[in-house]
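Residue strings, one per chain:
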Amino acid sequence: MTITNDIKYLGVNDHEIDLFEGQYVVPNGMSYNSYAIIDEKIAVLDTVDAKFTHQWLDNIQTALNGRKPDYLVVLHMEPDHSANIVNFTKSYPEAKIVSSQKAFLMMKNFFNDNFSEKQIVIAENDTLSLGKHTLTFVTAPMVHWPEVVVAYDDVDKVLFSADGFGRFGANDISELWDDEARRYYIGIVGKYGTQVQALLKKTSAYDIEIICPLHGPVLNENLNHYFDLYNTWSSYQPETEGIVIAYTSVYGNTKKAVIQLRDMLKSKGCPKVEIIDLARSDISEAVSKAFRYSKIVLATTTYNAEIFPFMREFINHLTERNFQNRTVAFIENGSWSPLAAKIMKEMLSGCKNLKFSENTVKILSALNEESSSQLKALSDELCQEYLAMQDSTADKNDLTALFNIGYGLYVVTSNDGKKDNGLIVNTVTQVTNTPNRIAVTINKDNYSHHVIRQTGKMNINCLSVDAPFSVFEKFGFQSGRNVDKFEGCEPLRSDNGLVFLPKHINSFMSLKVVQYVDLDTHGMFICEVTEARVITNSETMTYTYYLNNVKPKPKTEGKKGYVCTICGYIYEGDVLPDDFICPLCKHGASDFEEIK
């Protein structure tokens, strides 16, 4: 397969494998990818699994058409990618091996040879010139082994991403990328979200048009979709609004409760409900769904004064992979001494930012009037925001929404007649309550100020503490004049026709401007409240909370240069150019400060 004029695919498909890494069911096989860059000098990137030695060597010969490679670049040392290093050196004894110092130490362990006479050791930002093409190397420790590096080709704008952006399944099988990539990521890389976030930040400085992973298809379309998913997964944010119910049932009574809850949730507007029987489902599929959805209900029986083994294994998989930022509810069943809810909650106690439901369902053998009433209360609690988002069930005059105004952070949404817009503000104040009046102050340089002056209306979305940094990147680091901040989003709308956010808010208010006060650099809009909805009972995001818990802390230790005070991007260099623009938040040099 030709990827570009100079880059050829050398990989293989494995349809004999049944379990990847000895545990992940792969009904559509696996691919082991390898690539060649053919220039004045030739680099082969990674090898393949030991079962495909001759097929891979044949692929090299065919792609190179009589030429010999000058380099073998080893990005990752797992045996499914490195097994043929020795065979490569036997076939091409004059070629050099390019890899990280840690990888050469691993080669010594795997092959009893670190190829000292062939070594070219590379580290962060080192380069390898092949002629027209230059590879730049970026370290990616623990994504998902400590020796990993990725490589960027500056000519064809290709990121060779090692195991990043990989997927289960052979490449000659057509299937959707998202589901098998999610299962692959959560199962194999999921524990290392912090390290993936660091890699995404580093590679954001490059203009990437093609991604070449070591498993799965080459990605060359809609790359923002894949980057967005990786950002969501690695920051442990829900990908899909909905509820997954994971259960075990011995005699069918817990299952009956689960089915009733599912029907209740659907009737109350939950956008997606999935049920997983842990005794009969693939564990990796169950875990990936738990990470996909915003809420999870765990339903199981007390068993030997413990919980049912399949549920214990499932929760262990969640905690091992840093499960967090979710709402969790419990259904327990026990004929004489139910303990399951207590045990499950204790198992999850080390997870970050889990919100446990106030209602827990306790079944004594089988559903009765009391436990059925508990099921209804739980469904009401889990669907509170879904009911509030639907026009037919929302209380549109819930003025307790005003109690969520503080020195917080808000997304102001508006519409210029062509597209929806939004920006972050921290200056929202209730000025009177008879009548209810809200003051919103916006910098005149912001496009939203211009739009609201023309239209006289806006929505104030009160951000809750579960809002991730990506919300602030989207609405605070770019102008709505130049980008569509709601592109790809299916918006929810209030009665005034404006968007309100589908998640990460506890309430919103629709405002009509009744007075404008010119404050020189800013404008203050005095508004009446035309609609107010409370979505959840979550705590409002304050500016202090944002600084302490959401805004990334720049890792400046040992570095020389300048740091962006807005997003934390680090520019390494003695002098920051006056016209420098931050590649992440797009703010200028004036928002950078020197690292001391």
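Because the structure is a prediction, the values reported are computed rather than measured.

Draft legend 1. How the structure looks around the overall build of the protein. Within the protein, the secondary structure is distributed over 16 helices and 34 strands. Taking 596 residues into account, the globule formula puts the C-alpha radius of gyration at 25 Å, and the protein, at 27 Å, falls close to it. Overall, the protein is about 85 × 70 × 40 Å in size when its C-alpha atoms are taken along their principal axes. Scored against the burial criterion, the 596 residues of the protein give a buried share of 53%. Considering only intrachain contacts with a sequence separation of at least 6, the fraction spanning at least 24 residues in the protein is 68%. Counting every atom, the protein has about 26,400 Å² of accessible surface; 47% of that belongs to carbon and sulfur. Computed over 58 positive and 75 negative side-chain charges, the inter-centroid distance for the protein is 3 Å.

Draft legend 2. Seen up close, the side chain of serine 82. Along the chain, serine 82 turns up in helix α2 (residues 79–82). In this structure serine 82 comes out as buried when scored by relative accessible area, which is 1%. If we ignore the near neighbours within four places in the chain, the residues touching serine 82 are Thr47, His76, Met77 and Phe111.

Draft legend 3. Fine view of the packing of helix α5 (residues 177–189) against helix α9 (residues 283–292). Contact geometry for α5 and α9: axes closest at 9 Å, N-to-C directions at 95°. Between α5 and α9, the angle falls in the class roughly perpendicular. On α9, the residues that touch Asp179, Arg182, Arg183 and Ile186 of α5 are Ser284, Glu285, Val287, Ser288, Phe291 and Arg292. Here the residues of the contact of α5 with α9 are counted per class, giving 3 nonpolar, 2 polar and 5 charged.

Draft legend 4. Geometry of a nonpolar patch on the surface. A cluster of nonpolar side chains, Val250, Tyr251 and Tyr303, forms an exposed patch at the surface whose accessible area comes to about 370 Å². Within the secondary structure, tyrosine 303 is located in strand β18 (residues 293–303).

Draft legend 5. Main features of the nonpolar core. Counting 112 residues, the largest nonpolar core has Phe137, Phe160, Leu298 and Phe314 as its most contacted members. Examining the composition of this core, we find that 7 residues originate from one element, α5, more than from any other. Those residues in contact with phenylalanine 160, other than ones at most four positions away along the chain, are Ile7, Tyr35, Ile37, Leu45, Leu75, Leu135, Val150, Ala151, Asp153 and Cys212. Within the second largest apolar cluster, 31 residues are counted, among which are Ala388, Phe475, Phe477 and Tyr562.

Draft legend 6. Structural detail: the sheet that holds strand β12 (residues 134–139). Read across the open sheet, the 5 strands follow the order β11-β12-β13-β14-β15; overall the sheet is mixed. Edge positions in the open sheet fall to β11 (127–129) and β15 (210–212), since each of these has one partner strand only. Across the sheet, the axes of successive neighbouring strands diverge by a mean angle of 20°, strand direction being ignored. Relative to β12, β11 runs antiparallel, the two being bridged by 3 bridges. Of the residues in β12, the one forming a bridge with threonine 127 is threonine 136. Contacts between helix α6 (residues 193–203) and the sheet are confined to β12, β13 (149–153) and β14 (158–160), with β12 contributing the most and set at about 150° to the helix.

Draft legend 7. View of the environment of asparagine 125. With respect to the helices, strands and loops of the structure, asparagine 125 is situated in the loop between β10 (119–121) and β11. Among the residues examined, asparagine 125 registers a relative accessible area of 46% and is labelled partly exposed. Expressed as a C-alpha distance, the spacing of asparagine 125 and alanine 151, which sit 26 residues apart in the sequence, is 9.4 Å. Apart from residues lying up to four places away in sequence, asparagine 125 is in contact with Thr136, Phe137 and Tyr206.

Draft legend 8. Region of the structure containing the layout of surface pockets. Put simply, the second largest pocket is a space of about 900 Å³. For the second largest pocket, the lining is made up of 33 residues, of which Leu423, Ile424, Asn446, Gly476 and His587 are closest to its centre. Of all the elements, strand β24 (residues 420–425) adds the most residues to the lining of the second largest pocket, at 5 residues. Its residues assigned to classes, the lining of the second largest pocket shows 14 nonpolar, 15 polar and 4 charged.

Draft legend 9. Focus on helix α1 (residues 53–64). Spanning 12 residues, α1 covers 17 Å between terminal C-alpha atoms, matching the ideal 16 Å at 1.5 Å per step. Where α1 is concerned, the buried positions are Thr53, Trp56, Leu57, Ile60 and Leu64. Buried residues of α1, seen end-on, are gathered within an arc of 100° and therefore sit on one face of the element. Opposite the buried face of α1, at more than 90 degrees from it, the exposed residues are His54 and Thr62. Buried residues belonging to α1 abut β2 (12–14), β6 (35–38), β7 (42–45) and α3 (85–91). Looking one or two places after α1, you find asparagine 65, whose phi comes out positive at around 50°.

Draft legend 10. Broad picture of the environment of glutamine 478. For glutamine 478, the position within the fold is in the loop between α15 (469–476) and β28 (492–493). For the pair glutamine 478 and valine 244, spaced 234 residues apart in sequence, the C-alpha separation works out to 34 Å. Apart from the residues lying within four places of it in its own chain, the contact partners of glutamine 478 are Glu473, Val483 and Lys485. A polar atom in the side chain of glutamine 478 sits 3.0 Å from the backbone oxygen of lysine 474.

What counts as what
- Residues numbered from 1 in each chain as written.
- Predicted model: local features only at pLDDT ≥ 70, side-chain atom pairs only at ≥ 80, totals over all residues.
- Heavy atoms only, no water.
- Helix = DSSP H or I, 4+ residues; strand = E, 2+ residues; numbered from the N terminus.
- Rg over C-alpha atoms; globule rule 2.2 N^0.38 Å.
- Buried < 20%, exposed > 50% of the residue type's maximum accessible area, 1.4 Å probe, protein only.
- Contact = heavy atoms within 4.5 Å.
- Areas by Shrake-Rupley, 256 points an atom, 1.4 Å probe, with all protein chains shown as cover.
- Lys, Arg positive; Asp, Glu negative; His and termini not counted.
- Charge placed at Lys NZ, Arg CZ, Asp CG, Glu CD.
- Axes fitted to C-alpha atoms, helices over the stretch in contact; angles between N-to-C directions.
- Parallel < 35°, antiparallel > 145°, perpendicular 65-115°, else oblique.
- Nonpolar A, V, L, I, M, F, W, Y, C, P; charged D, E, K, R; others polar.
- Patch = residues over 30% accessible without salt bridge, like charges linked within 9 Å, V, L, I, M, F, W, Y side chains within 5 Å.
- Salt bridge = Lys/Arg side-chain N within 4 Å of Asp/Glu carboxyl O.
- Core = buried A, V, L, I, M, F, W, Y, C linked by side-chain atoms within 4.5 Å.
- Pairing = 2+ DSSP bridges.
- 1 Å grid on protein atoms, 1.4 Å probe; cavity = no way out; pocket = protein on both sides within 12 Å on 5 of 7 lines; lining within 4 Å.
- Points joined across faces, edges and corners; volume = space filled by probe spheres on them.
- Expected span 1.5 Å × (residues − 1).
- Arc of directions from axis to C-beta.
- Polar contact = N/O pair within 3.5 Å; in protein donor to acceptor, adjacent residues only side chain to side chain.

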